[in-house]
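The residues making up each chain are set out below.
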Amino acid sequence: MAMFFDPFREFDRMAEQLFDRQGPRLMPMDLYRDGDHYVLSADLPGIDPGSVDIDVDGQLLTIRAERTPRSAEGVKWITRERTTGSFLRQLNLGQGIDTAGISATYDNGVLSVLIPISEKAKPRKVEVQRSVGAKDVTPELTT
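Owing to the predicted nature of the structure, the values given are computational and were not obtained by experimental measurement.

Right, let's talk about unusual backbone geometry for a bit. Non-glycine residue Asn108 carries a positive phi angle of around 50 degrees. Along the polypeptide, Asn108 turns up in the loop between strand E6 (103-107) and strand E7 (110-116). Its relative accessible area of 73% is what places Asn108 among the exposed residues.

Now the structure itself:
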C-alpha cells in the first residue's frame, strides 16, 4: 500500500487538532416538521449510544455525546482524521412544544429526536355559534 505524505494536509490536520481541543464539536443535523411533530436527525457515527445524553431544561434541548479514541498498545498511527472527544448541540425549542413527549432513537450512526407539538399550538377550527335570542336577518326586497 503506497502512502504519500502531504505536508500541507498534515499541517492542516495538526492545526485542527490543536485548535479543536478547546471545546466540544458540533454535530451536523437536519431538522424538519412532519405533521404534528418535528424530527431532528444528527450524525454521530462511531458514537457509543450509551454516551449520548439528551436534556430538556425549560425550552432548551441539549444533546451531548462522546467519542473516545481507540488506542492499542504498540500501534503506530499512519493517519488519524476521525475526531474524538465531546460533541454538543443546543436548540431553543420555543413555545408550543410538548417537552414531556420528546423521544429519541439511535440507529446506524444517526440520532433521531422526535419533538411533538403541543395540543395548544396545533391549528384548530373555531366553530361560530349563534347567540341566544338572535333573529334571522334576511334582506327584504322592495319593489
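Quick look at the side chain of Thr62 now. Of note, Thr62 is situated in strand E4 (residues 60-67). Its relative accessible area of 6% is what places Thr62 among the buried residues. A polar contact of 3.1 Å, which involves the side chain of Thr62, links it to the side chain of Gln90. If we ignore the near neighbours within four places in the chain, the residues touching Thr62 are Asp53, Ile54, Asp55, Leu88, Arg89 and Gln90.

The four strands are arranged E1-E2-E7-E6 in an open sheet whose pairing can be described as antiparallel. Lying at the two open borders of the sheet, with one neighbouring strand each, are strand E1 (29-34) and E6. Adjacent strand axes in the sheet meet at a mean angle of 15 degrees when their direction is disregarded.

Among the nonpolar cores identified, the biggest contains 17 residues, and Leu40, Leu44, Leu111, Val113 and Ile115 are the most heavily contacted of them. With near-sequence residues (within four places) excluded, Leu44 lies in contact with Met27, Val52, Ala65, Arg67, Phe87, Tyr106, Gly109 and Leu111.

Below, the discussion takes up the pattern of salt bridges. Working definition: two side chains of opposite charge can pair if their charged atoms are close together. Evaluation of the coordinates by the stated rule reveals one salt bridge. The salt bridge involving Arg64 is made with Asp55; its shortest N-O contact spans 3.3 Å. In this structure Asp55 comes out as partly exposed when scored by relative accessible area, which is 34%.

As for its placement among the helices and strands, Gly94 is situated in the loop between strand E5 (85-92) and E6. Sequence separation between Gly94 and Leu60 is 34 residues, and the spatial gap between their C-alpha atoms is 8.2 Å.

This next bit is on the sheet that holds strand E3 (residues 53-57). Read across the sheet, three strands follow the order E3-E4-E5 without closing on themselves; strand pairing throughout is antiparallel. Of all the strands in the sheet, just E3 and E5 have a single pairing partner and so form its edges. Sheet twist, expressed as the average angle between the axes of neighbouring strands with direction ignored, equals 15 degrees. Pairing geometry for E3 and E4, over five bridges, is antiparallel. Across the sheet, residue Asp57 finds its bridge partner in E4, namely Leu60.

Conventions and cut-offs
- Residues numbered from 1 in each chain as written.
- Predicted model: local features only at pLDDT ≥ 70, side-chain atom pairs only at ≥ 80, totals over all residues.
- Heavy atoms only, no water.
- Helix = DSSP H or I, 4+ residues; strand = E, 2+ residues; numbered from the N terminus.
- Buried < 20%, exposed > 50% of the residue type's maximum accessible area, 1.4 Å probe, protein only.
- Polar contact = N/O pair within 3.5 Å; in protein donor to acceptor, adjacent residues only side chain to side chain.
- Contact = heavy atoms within 4.5 Å.
- Pairing = 2+ DSSP bridges.
- Axes fitted to C-alpha atoms, helices over the stretch in contact; angles between N-to-C directions.
- Core = buried A, V, L, I, M, F, W, Y, C linked by side-chain atoms within 4.5 Å.
- Salt bridge = Lys/Arg side-chain N within 4 Å of Asp/Glu carboxyl O.

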